[in-house]
Amino acid sequence: MVRYGLPDSGAAFRALREASQRFNVPLRVLVSAVVVARAPAGEVWFPGRRPLPVPQLRILARGGRDPRYRRQMIDAVLHEALAIGRAPAGYVQFVDPAVNALTLESHHGCAEPVLDHLARGRGDGTADAAARTRGRQVSVPDVATDPLLADDCRRALLAGGARALHSVPVLSSAGSCTGVIGLHWTDAGHRPAAAHAEALALLAADTSAWLSWYHRSVLLDALEHLHRALTRTAR
């Protein structure tokens, strides 16, 4: 409203919603980008930007998936991870840069207590937080006894039937964690074999390459469109 002199919050929301729908970018993701990106200094928000080639993805290249469609790609990541780990339940979280916290993007087979815990976004005392901080995969073979887990996390996992879990960080090319892939099993003592852990690492690398391309291509296209539309309105 301040940046473009809009009359009310309804006008701002309608502009955001239109850009969100046009580029198939979730409204939450678009709003976070508007907040985090440097403010535009001219008619073009990101001058000199050139189209980027789609990265060569090893695992995610199968099935004719369109990298422009965020949900389609995230669901593909999740189902590849479940297949690799032979896990009955799992989820994908990405870091929301506006709040610097993991946000649940997709899930499968997770019981309500687990989803409620993930939705609250309390990362301390979890395998996901440890994987994000350490920048490497973290296994919890026995949820009931592992000291890594905080009590509230342990209670939620046990109430949801999760007895073992594994967290895989999605690391950017600079080494920062941009997300976590989580897998749960109903039997204690489960830990991915070395070959499965390696395949999960390759999947995480593919996910990182796609996510970087998406942010620098589809998401910036949506921001540029929003800026052009609102600049014309301001005139």
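Residues numbered from 1 in each chain as written. Predicted model: local features only at pLDDT ≥ 70, side-chain atom pairs only at ≥ 80, totals over all residues. Heavy atoms only, no water.

Take the overall build of the protein next. Summing up its helical and strand segments, the protein has seven helices and five strands in all. The helix and strand sequence of the protein, counted from the amino end, reads α-α-α-β-β-α-α-β-α-β-β-α. The C-alpha atoms of the protein give 19 Å as radius of gyration, which agrees with the globular expectation for 235 residues (18 Å, within 12%). When the backbone C-alpha atoms are referred to their principal axes, the protein occupies close to 65 × 35 × 30 Å. Looking at the protein as a whole, 46% of its 235 residues are labelled buried. Of the contacts formed within the protein by residues at least 6 apart in sequence, a portion of 61% connects residues at least 24 apart. (Helix = DSSP H or I, 4+ residues; strand = E, 2+ residues; numbered from the N terminus. Rg over C-alpha atoms; globule rule 2.2 N^0.38 Å. Buried < 20%, exposed > 50% of the residue type's maximum accessible area, 1.4 Å probe, protein only. Contact = heavy atoms within 4.5 Å.)

Attention now moves to empty space enclosed by the protein. All told, the structure shown has one cavity of 30 Å³ or more when counted by the stated rule. If you list the elements that add at least two residues to the lining of the largest cavity, you get helix 4 (112-120), helix 5 (127-134), helix 6 (151-159) and strand 4 (164-171). Tallied by class, residues from the lining of the largest cavity come to nine nonpolar, four polar and one charged. (1 Å grid on protein atoms, 1.4 Å probe; cavity = no way out; pocket = protein on both sides within 12 Å on 5 of 7 lines; lining within 4 Å. Points joined across faces, edges and corners; volume = space filled by probe spheres on them. Nonpolar A, V, L, I, M, F, W, Y, C, P; charged D, E, K, R; others polar.)

Turning next to the side chain of Thr103. Along the chain, the position of Thr103 falls in strand 2 (residues 101-108). Looking at Thr103, the relative accessible area reads 18%, which means it is buried.

Here the focus is the nonpolar core. The tendency in soluble globular proteins is for nonpolar side chains to be buried as a group. Formed by 47 residues in total, the largest nonpolar core has its most connected members in Val25, Leu30, Leu203 and Trp210. Elements with a contribution of two residues or more to this core: helix 1 (9-23), helix 2 (27-36), helix 3 (70-85), strand 1 (89-96), strand 4, strand 5 (177-185) and helix 7 (194-234). A total of 14 residues in this core trace back to one element, the largest contributor, which is helix 7. Excluding its chain neighbours within four sequence positions, the residues that come into contact with Leu30 are Leu16, Ala19, Ser20, Val25, Leu219, Ala222 and Leu223. Listed in part, the 17 residues of the second largest apolar core include Ala89, Ala127, Ala131 and Leu157. (Core = buried A, V, L, I, M, F, W, Y, C linked by side-chain atoms within 4.5 Å.)

Looking now at the packing of helix 1 against helix 2. In a pair of packed helices, the angle between the axes and the distance between the axes together describe the arrangement. At a closest axis distance of 9 Å, the pairing of helix 1 and helix 2 adopts a crossing angle of 115°. Crossing geometry of helix 1 relative to helix 2 is assigned as right-handed. Together, Phe13, Leu16, Arg17, Ala19 and Ser20 of helix 1 and Leu27, Leu30, Val31 and Val34 of helix 2 make up the contact between the two elements. Of the residues contributing to the contact of helix 1 with helix 2, the split by class is seven nonpolar, one polar and one charged. (Axes fitted to C-alpha atoms, helices over the stretch in contact; angles between N-to-C directions. Left-handed = near helix turned anticlockwise from the far one by under 90°.)

All right, on to the pairing of strand 1 then. Walk down a regular strand and you will see the side chains alternate between the two sheet faces. The element strand 1 is largely enclosed, with a buried count of eight among its eight residues. Where strand 1 and strand 5 come together, six bridges link them in antiparallel fashion. The residue of strand 5 that forms the bridge with Ala89 is His184. The pairing of strand 1 with strand 2 spans seven bridges and is classified as antiparallel. Pairing of Val95 across the sheet is with Leu102, part of strand 2. Between strand 1 and strand 2, which follow one another and run antiparallel, lie four residues, and Asn100 among them has a positive phi close to 55°. (Pairing = 2+ DSSP bridges.)

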